Amino acid sequence: MTKTKLIQLDTLGRNISETKIQHSGYYYESFRIFRKNKVAMLSLFVIILMIFLAVAAPLVTGFDPDKQKLAERLLSPGVKGHIFGTDEFGRDIFTRCIYGCRVSLSVGIISQLIASVIGYLMGVTAGYFGKKADDIISFFIQVFSSIPFLLFAMALMYALGSGLMNLYLSLGLLSWANTARLIRGQVLTLKQQEYIQACIVNGGSSRRIIFKHLLPNCIPMLIITNTLGIPSAILTEASLSFLGLGVPSPTASWGSMISGAQTFIRTNTYYSLFPGLFIIVSVMAFNMLGDGLRDALDPKLHK
Amino acid sequence: MSEKSELLVIKDLDVRLFTERGTLPVLDHINLSLKPGEILGIVGESGCGKSMLASAIMGLIDAPLKITGGEIVFEGVNLVNASKKTLQNLRGSAISMIFQEPMTSLNPIMTCGQQIVEAILAHEKVSRKEAVARAMDMIKSVGIPMPEKVFRSVPSQLSGGMRQRIMIAMALSLRPKLLICDEPTTALDVTVQAQILYLIRKLKKELNTAVVFISHDMGVISQMSDRVAVMYAGQVVELSDKKDIFTTPAHPYAIGLQAAIPKMDGEAESLEAIPGSVPMLYDLPAGCLFSTRCERCSMKCKTEKPELVDINEDNPGHLVRCFIPAI
Amino acid sequence: MEHKTLAEPVLKVRNLKKYYYSGGGFLSGKKTCVKAVNDVSFELYKGETLAIVGESGCGKSTTAKSVIRITEPTEGSIMLDGRDFGKLKGEELKKARQNIKMIFQDPYSSLNPRMTVRDIIAEPIDIAGSWKDKEERERKILEACDMVGLNRDFLDRYPHEFSGGQRQRIGIARAIIEKPEVILCDEPVSALDVSIQAKVVNLLKELQKRLNISYIFISHDMGVVRHMADRVIVMYLGHVVEEGSKEDIFESPKHPYTKLLLESIPVIGKEVPEDDKELISGDIPSPANPPSGCCFHTRCPYATEECSKVMPELREVDGRPGHKAACVTIV
């Protein structure tokens with residue numbers, strides 16, 4: 001990294017510039033390990049491809065996802081340029097699957113970002129300040145962990161009304177408890193570290209400790225838990241949309257597509273098959289990515 | 001010194017670590033021997049391979065580590081290529097081991113007494129009643145006050161010193177011929193350390209057990225050993241009687257190690273530190289492994305590897321791995 | 001040493017107490033109180049090293065942590081530069097903290113693994129805001145770096161790339177960057193190998209000479225203490241049992257515990273006597289359930305009936321000023 005080599009002497013006047021030290025940052029080292037994991041790299045590729053499809057959807061397909069063409073109802077795959085066929089309103093299924101990526105991926109990622117922020121703040125407050133704050137937050141973590149996930153999501157969506165924003169919010173509000181519990185535990189161990197005491201000795205405020213010392217050390221855990229939380233958010237979104245509580249029609253969503261395909265499952269199996277495949281592939285990709293990240297970010301495997 | 005009288009002979013033992021950076025020498029050509037009833041002290045700083053040596057003798061070397069050469073002969077049996085069954089029979093009965101942290105080597109949910117009883121039953125065909133009686137005798141002999149109470153306690157209810165006593169009771173309950181102590185007092189306070197060291201000396205005398213005593217503390221080694229091996233970067237650099245090594249050390253590292261210890265008598269303005277640090281295993285010097293830190297280093301030391309040789313013909317048994325030993 | 005007693009001490013600790021309470025809550029049974037530090041008083045003079053020695057659980061670390069207020073003391077006064085450090089709050093406390101620093105035991109947990117060496121060393125001046133521009137900050141960092149003999153090229157690296165000895169140098173650089181008057185060293189070398197330990201001890205002594213720092217040096221290693229200290233306090237179960245100059249403690253120890261502590265050290269050249277016997281029997285009592293009277297009477301070879309009833313006061317022995325011991329059997 002530095003080109004000029006200075007001769008350094010220690011306090012006893014001895015040359016210490018030759019002391020061998022390897023140079024690498026934590027995240028660089030993690031990436032090096034991650035890169036060797038073929039399954040995780042494949043999952044990452046699949047996810048990036050899906051994100052690309054979601055963002056560049058209008059460029060990938062020439063069809064309008066919402067425009068109904070009753071003359072072309074329920075076409076088989078491959079007919080008239082519809083590679084996955086069409087649905088009961090004559091809309092291109094491939095196009096709707098791709099636009100469905102937008103909903104599913106954004107719900108998965110944004111809801112988990114919300115969960116990360118709430119979870120970290122709650123967890124760190126409970127773990128760092130302890131006492132009363134810990135009692136209260138731990139109680140709420142218990143409460144939120146004991147509510148049936150889907151039922152509560154349904155109730156929230158009824159109350160808030162369907163829509164993307166409300167989906168982000170309700171799923172985010174539902175999944176913070178797990179993050180908070182893990183962060184609380186992590187902070188309880190980190191708090192014992194001497195560098196936290198060193199910061200106190202130097203007059204550092206709680207804010208400095210929470211954001212400068214604890215946060216960077218919690219980020220690997222936040223990344224792992226919330227990457228592994230994305231699949232369950234995607235599944236819940238699909239379930240809600242299936243039940244008609246997710247995004248309002250005609251916006252394409254994998255869950256609502258499967259719901260629409262129900263009636264035709266005997267005659268047009270492919271109609272339910274394609275959105276189902278998208279759900280399975282995306283969920284598996286995020287799960288395997290999370291596993292890969294967990295291994296790569298484990299400091300024990302570094303070196 | 002015929003080999004027949006030796007209890008344990010380690011000959012040219014090599015242990016290698018297999019990594020992506022290549023094959024690294026964790027232990028390199030170790031040659032040691034031990035007579036019945038003798039205490040061999042092994043001293044060195046962290047990473048010198050002294051604990052690895054203990055694992056090798058116990059047959060606890062596991063991937064990515066591997067014994068790639070040499071032999072460990074215990075009573076005529078080569079442990080390196082012995083079957084799993086033979087090793088299992090030897091471990092615990094003829095050879096046993098005491099670790100640095102007794103808490104991790106004791107089962108936290110079994111009472112101390114039970115654990116000793118199980119150890120006896122696993123190796124000897126005795127009735128449970130007899131085993132219980134022997135376990136109780138053992139607990140009494142390691143100087144535990146209120147042995148009946150301790151017999152029924154789980155390890156977490158005891159102090160560090162008491163736990164180490166239980167470890168010793170367990171290790172010696174089968175009257176092993178060889179006891180390996182890997183830093184047994186490092187986690188203990190100095191007054192408790194004195195008690196445990198006394199206990200090991202006393203029991204060794206009573207049972208005539210041979211002991212391999214591993215420590216980083218020169219003071220402890222000097223109190224415990226008959227012979228001492230100094231290790232550095234996976235090699236034995238000096239091996240001799242206790243007297244020679246502490247009064248006339250010959251290897252520059254052995255000298256430096258003693259000079260670095262704060263003395264309890266006399267006045268010293270600054271301690272003599274050994275310059276530099278221990279070389280990384282993947283970056284070992286071509287010649288003598290200590291050449292990077294040695295003040296007497298010559299050209300020969302940088303290119304050729306010294307062998308462990310006798311330095312004094314009149315007084316054989318003082319082996320040093322150095323081209324220019326201090327005599 | 002005499003002239004020092006005339007000067008005003010830099011740090012004066014009076015009747016320091018730290019009690020830990022546990023239990024007593026809903027369903028958790030009887031409330032217990034652990035007296036980790038029980039009535040400890042001492043002075044620290046300019047440029048001297050005061051060592052606090054004792055075995056684990058004797059309260060030496062808790063004393064340091066209470067003095068520097070990592071944990072709040074239960075009782076007692078801590079006078080730093082003529083002000084009661086123990087009572088300061090907010091900005092005043094932050095300001096006073098610039099003058100008292102700490103070096104920690106574990107070189108692995110005392111440095112944040114996600115910060116570069118530069119940011120670690122600069123943390124005290126970043127918090128105190130004691131630099132105007134980046135150049136001044138950099139200048140101070142380099143100065144501290146040079147003083148502890150750390151290679152300047154390593155500033156952008158992360159702690160895990162360093163060995164224990166070098167990490168301890170980084171911790172020392174962080175402690176001296178603001179040139180404090182007092183540094184508390186909590187077992188600064190006990191996690192290091194002997195050859196590295198010597199380097200760090202030498203560095204600490206050299207810095208003391210250069211910057212005229214006063215150290216409180218906490219250690220269980222009597223050899224290192226003998227090398228570092230000017231005065232020594234011996235603690236046992238939260239009490240000070242003996243206090244005196246280095247010569248007093250090492251040449252003519254008075255308290256039976258100090259004597260035992262010194263005898264227990266395995267020293268090269270000290271042969272095991274023919275009639276090998278146990279120096280002491282029994283275990284260190286639990287601090288949660290300390291013995292009555294003199295806390296050492298359960299293990300003391302000279303204990304009398306009186307020892308289990310009367311708690312001895314720390315008083316001067318031998319007519320030597322400053323040499324005090326808490327024992328009734330000393331005449």
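As the structure is a computational prediction, the values presented were derived from the model and not from experiment.

A.B. asks: Teacher, can you tell me more about the overall build of chain A here?
C.D. replies: The secondary structure content of chain A amounts to 11 helices and 0 strands. In chain A, the succession of α and β elements from N to C terminus is α-α-α-α-α-α-α-α-α-α-α. For 303 residues, the compact-globule estimate of 2.2 N^0.38 gives 19 Å, and chain A exceeds it by more than 25% at 25 Å. Along the three orthogonal principal directions, the C-alpha set of chain A runs to about 90 × 50 × 25 Å. The buried share of chain A, taken over its 303 residues, is 42%.

A.B. asks: Mind showing me how you'd approach the interface of chain C and chain B here?
C.D. replies: Accessible area lost upon the coming together of the parts serves often as the stated size of an interface. Every contact between the two is made by 33 residues of chain C and, on the other side, 35 residues of chain B. Elements supplying a minimum of two residues to the side of chain C that touches chain B: helix H7 (194–211), helix H8 (222–228) and helix H10 (256–264) of chain C. Broken down by element, the residue count for the side of chain C that touches chain B peaks at 8 residues, all from H7 of chain C.

A.B. asks: Explain the interface of chain C and chain A to me, please; I cannot follow it from the model alone.
C.D. replies: Listed per partner, the contact involves 32 residues of chain C and 28 residues of chain A. Elements supplying a minimum of two residues to the side of chain C that touches chain A: helix H3 (90–96), strand E6 (100–103), helix H4 (117–128) and H7 of chain C. It is H4 of chain C that provides the largest number of residues to the side of chain C that touches chain A, a total of 4 residues. Tallied by class, residues from the side of chain C that touches chain A come to 14 nonpolar, 5 polar and 13 charged.

A.B. asks: Which parts of the structure should I look at to understand the sheet that holds strand E2 (residues 32–44) of chain C?
C.D. replies: Whether parallel or antiparallel, the strands of a sheet pair through hydrogen bonds between backbone atoms. Residue and element names in this part refer to chain C. The strand order across the open sheet formed by 4 strands is E2-E1-E4-E5, and the pairing between neighbours is antiparallel. In the strand order of this sheet, the two ends are held by E2 and strand E5 (83–84), each with one partner. In terms of strand pairing, strand E1 (residues 11–22) meets E2 through 9 bridges, oriented antiparallel. Bridge pairing in E2 links Lys12 to Glu43.

A.B. asks: Help me understand helix H8 (residues 190–207) of chain B, please; the structure alone is not making it clear to me.
C.D. replies: Side chains of residues three or four places apart in an α-helix project in the same direction, reflecting 3.6 residues per turn. Over its 18 residues, H8 of chain B runs 26 Å from end to end, which matches the ideal 26 Å to within 8%, given 1.5 Å per residue. Taken residue by residue, H8 of chain B has Thr191, Val192, Gln193, Ala194, Gln195, Ile196, Leu197, Leu199, Ile200 and Leu203 of chain B as its buried positions. Looking at the buried side of H8 of chain B, the elements it contacts are helix H7 (160–172), strand E7 (178–182), strand E8 (210–215) and helix H9 (218–224) of chain B together with H10 of chain C. In the stretch just after H8 of chain B, Asn208 of chain B is the one whose phi turns positive, near 50°.

A.B. asks: Before we go on, may I ask you to explain the confidence of the model for chain C in this structure?
C.D. replies: Detailed conclusions should not be drawn from predicted coordinates in areas where pLDDT is low. On average, chain C scores 88 in pLDDT, and the residues at 70 or more come to 95%. Across the whole predicted complex the pTM is 0.85, and at the interface the ipTM reaches 0.86.

A.B. asks: What am I meant to see in the sheet that holds strand E6 (residues 95–98) of chain B here?
C.D. replies: All names here are of chain B. Sheet architecture is open: 8 strands sit in the order E6-E7-E8-E3-E9-E10-E12-E11, paired in mixed fashion. Single-partner strands in this sheet number two, and they are E6 and strand E11 (309–310). Where strand E3 (residues 39–43) meets E8, 5 bridges bridge the pair, whose relative direction is parallel. In the sheet register, Leu40 faces E8, and the bridge partner there is Val212.

A.B. asks: Explanation requested: unusual backbone geometry in the structure shown.
C.D. replies: Only a minority of non-glycine residues have a phi that is not negative, and only a minority of peptide bonds are not trans. All names here are of chain B. Here Ala63 and Pro64 are connected by a cis peptide whose omega angle stands at 5°. Summarising the element assignment, Pro64 is placed in the loop between helix H1 (50–58) and strand E4 (65–74). For Asp12, which is not a glycine, the phi torsion comes out positive at approximately 50°. You can call Asp12 exposed: it has 11 C-beta atoms within 10 Å. Even without glycine at this site, Asn208 takes up a positive phi of about 50°. Locating Asn208 in the fold gives a position in the loop between H8 and E8.

A.B. asks: How should I be thinking about the packing of H8 of chain B against H10 of chain C in this particular structure?
C.D. replies: Geometry of a packed helix pair, given as the angle between the helix axes and the separation of the axes. Interhelical geometry of H8 of chain B versus H10 of chain C gives an angle of 55° and a closest axis separation of 8 Å. Between H8 of chain B and H10 of chain C, the angle falls in the class oblique. The crossing of H8 of chain B and H10 of chain C is left-handed. Across the interface between the two elements, Val190, Thr191, Gln193 and Ala194 of chain B of H8 of chain B pack against Leu260, Leu261 and Ser264 of chain C of H10 of chain C. Partitioned by chemical class, the residues of the contact of H8 of chain B with H10 of chain C number 4 nonpolar, 3 polar and no charged.

A.B. asks: Looking at this structure, I do not really get the environment of Thr186 of chain B. What am I missing?
C.D. replies: All names here are of chain B. Checked against the element boundaries, Thr186 lands in the loop between E7 and H8. Looking at Thr186, the number of C-beta atoms within 10 Å reads 14, which means it is partly exposed. Taking C-alpha positions, Thr186 is 18 Å from Val228, a pair spaced 42 residues apart along the chain.

A.B. asks: Looking at this structure, how should I read H7 of chain B?
C.D. replies: Residue and element names in this part refer to chain B. Over its 13 residues, H7 runs 18 Å from end to end, which matches the ideal 18 Å to within 8%, given 1.5 Å per residue. For H7, the tally of buried residues reaches 12 of 13 residues, placing the bulk of the element in the interior. Residues of H7 that are buried include every one of Gly161, Met162, Arg163, Gln164, Arg165, Ile166, Met167, Ile168, Ala169, Met170, Ala171 and Leu172, and no others.

A.B. asks: Just to check I follow, could you spell out the confidence of the model for chain A for this structure?
C.D. replies: Per-chain confidence: chain A averages 85 in pLDDT, with 91% of residues scoring 70 or above. Contacts from residues 1–23 of chain A, a stretch scored under 50 in pLDDT, to residues over four places away or in other chains number 35 contacts.

Analysis parameters
Residues numbered from 1 in each chain as written. Chains lettered and ligands numbered in written order. Predicted model: local features only at pLDDT ≥ 70, side-chain atom pairs only at ≥ 80, totals over all residues. Helix = DSSP H or I, 4+ residues; strand = E, 2+ residues; numbered from the N terminus. Rg over C-alpha atoms; globule rule 2.2 N^0.38 Å. Buried ≥ 20, exposed ≤ 12 C-beta atoms within 10 Å, placed from the backbone. Contact = placed C-beta atoms within 7 Å. Nonpolar A, V, L, I, M, F, W, Y, C, P; charged D, E, K, R; others polar. Pairing = 2+ DSSP bridges. Expected span 1.5 Å × (residues − 1). pLDDT = per-residue confidence, 0-100. Axes fitted to C-alpha atoms, helices over the stretch in contact; angles between N-to-C directions. Parallel < 35°, antiparallel > 145°, perpendicular 65-115°, else oblique. Left-handed = near helix turned anticlockwise from the far one by under 90°.

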